[in-house]
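# Results of the structural survey
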Amino acid sequence: MPDQNGVSDLLYKSLAKPLLFKMDPEQAHHLIIGGLSGVGKVRPVPSGLRVMYGVRETPDLAVDMFGCHFPTPVGLAAGLDKNGQAVTGFSSIGFGFMEVGTVTPLAQSGNEQPRLFRLPPDEALVNRMGFNNLGAEAMAGELARLQERRIPVAVNIGKNKTTPNEEAHLDYEKCIQALYNYADLFVVNISSPNTPDLRNLQHGNELKELLAAVMSEMNRQQAQHGGASKSVLVKIAPDVNDQELEYMVSTIAASGVSGIIATNTTISREGLSHQHAKETGGLSGKPLRERSTEIIRQVYIQTEGKLPIIGSGGIFTSEDAYEKIKAGASLVEIYTALIYEGPEVNRRIHAGLRELLRKDGYHHISEAVGAEHR
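Residues numbered from 1 in each chain as written. Predicted model: local features only at pLDDT ≥ 70, side-chain atom pairs only at ≥ 80, totals over all residues. Heavy atoms only, no water.

## A look at the environment of Tyr362
The topology assignment puts Tyr362 in the segment after helix H12 (345–359). With 11 residues separating them along the chain, Tyr362 and His373 place their C-alpha atoms 16 Å apart. (Helix = DSSP H or I, 4+ residues; strand = E, 2+ residues; numbered from the N terminus.)

## Details of the packing of helix H6 (residues 168–179) against helix H7 (residues 204–225)
Close contact between H6 and H7 brings their axes to 9 Å; oriented N to C, the two are set at 25°. Judged by the angle between their axes, H6 and H7 are roughly parallel. Viewed along their axes, H6 and H7 form a crossing whose handedness is right-handed. Seen from H6, the contacting residues are His169, Tyr172, Glu173, Ile176 and Gln177; seen from H7, they are Leu210, Ala213, Val214, Glu217, Met218, Arg220 and Gln221. (Axes fitted to C-alpha atoms, helices over the stretch in contact; angles between N-to-C directions. Parallel < 35°, antiparallel > 145°, perpendicular 65-115°, else oblique. Left-handed = near helix turned anticlockwise from the far one by under 90°. Contact = heavy atoms within 4.5 Å.)

## Observations regarding the sheet that holds strand E9 (residues 231–236)
Spatial strand order, E3-E4-E7-E8-E9-E10-E12-E13: eight strands in a closed barrel with parallel pairing. In this sheet, neighbouring strand axes are inclined to one another by 25° on average, regardless of whether the strands run parallel or antiparallel. Inspection of the sheet shows strand E8 (residues 185–189) paired to E9 by five bridges, in the parallel sense. From the neighbouring strand, Val188 faces E9, where its bridge partner is Val234. Relative to the sheet, helix H5 (residues 136–144) contacts strand E4 (97–103) and strand E7 (153–157), its axis offset from that of E4 by approximately 155°. Lying on the sheet, H6 is in contact with E4, E7 and E8; it crosses E8 at an angle near 160°. (Pairing = 2+ DSSP bridges.)

## Concerning the environment of Lys326
Tracing the chain through its elements places Lys326 in helix H10 (residues 318–327). Residue Lys326 is classed as partly exposed on the basis of its relative accessible area, which comes to 28%. Sequence separation between Lys326 and Gly370 is 44 residues, and the spatial gap between their C-alpha atoms is 4.5 Å. Those residues in contact with Lys326, other than ones at most four positions away along the chain, are Ala368, Gly370, Ala371, Glu372 and His373. (Buried < 20%, exposed > 50% of the residue type's maximum accessible area, 1.4 Å probe, protein only.)

## Here's the deal with the pattern of salt bridges
Per the stated rule, a full pass over the model turns up 20 salt bridges. Arg128 is the partner of Glu279 in a salt bridge, and the nearest nitrogen-oxygen pair spans 3.0 Å. Here the residue Glu279 occupies a position in the loop between strand E10 (259–262) and strand E11 (282–285), and Arg128 occupies one in the loop between strand E6 (124–127) and H5, the gap between them amounting to 151 residues. The exposure class of Glu279 is buried, given its relative accessible area of 17%. Taking the relative accessible area as the measure of exposure, Arg128 reaches 18% and is therefore buried. (Salt bridge = Lys/Arg side-chain N within 4 Å of Asp/Glu carboxyl O.)

## Quick word on the environment of His30
Among the structural elements, His30 can be located in helix H2 (residues 25–39). Look at His30 and you get partly exposed, because its relative accessible area is 48%. Remark: the alpha-carbon pair of His30 and Arg56, spanning 26 residues in sequence, is separated by 28 Å.

Quick look at the structure:
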């Protein structure tokens, strides 16, 4: 007989996943968000989810960073809960933190459908959603209604499609103004491939000016509302050459932000076998694993390990996560693995990380961060 964890995994793999994968990917997405949003409003249900899929906090994997306590080092990347509607649900299935968004000041519908594609043989997704969301005020309302918050919530902010790059800083400022009281930390998204010209904000003087505006607004909000200052991270793309990455990281480090998320999705299609590889958009999942880890490695070396990194891209197993941690990541995020593996993936990664730490003689995850460089 399988144990409880095995039963939970079997339920997803044999029942839920086949049904979801028969649906249009975006319809399945809305079903999941709607379901997790709904269960979060019925008090006994989150407790039941925690029994089925929750991850018990352990001293060796809990992390204090960015002014927050992360009960586990594995978080949910942005893009799944775009409007902050399912925080209670996601925090009940084993995540140690989560990003909500990307949110923009004004609501926007995003790109035309279809815009989300599965590549099952490659265990990957392609999306060209285009920052579809209900806007910053709507997200503020969702986060304000939370009865409890078990994990840190990072608000991922971006610009509206119609906002020209020279005015982009105004959109990021508006998001901070609307959401400052409700975010535990902020993530500046300048790396989505699905908003025209957005990635240009990663380069040249535009990046320096944007981050200066963001940090000035954060300082204004902190002075107005009091309390401890809140951290800002920058999410970068994997599709940069070494020189571009070096400049980008140097600018980010000089700006006063607290960390980097490496990486967003890729426009590369190298090694893919599925017909949906021809679709435009950002690719996530296993094909991104090696490139995102290489970016982490380079960022860690350039910053001498002094600028914390959240590793994201292609993590499906504890070994994948540990590889990124040893390359220099202090925390990690998953997204596509949740779709393909189901919520039991968090327990597997957590248990596997504990075993990998023990094998290497480490007592806490922080000891493994950047270990390959020592």
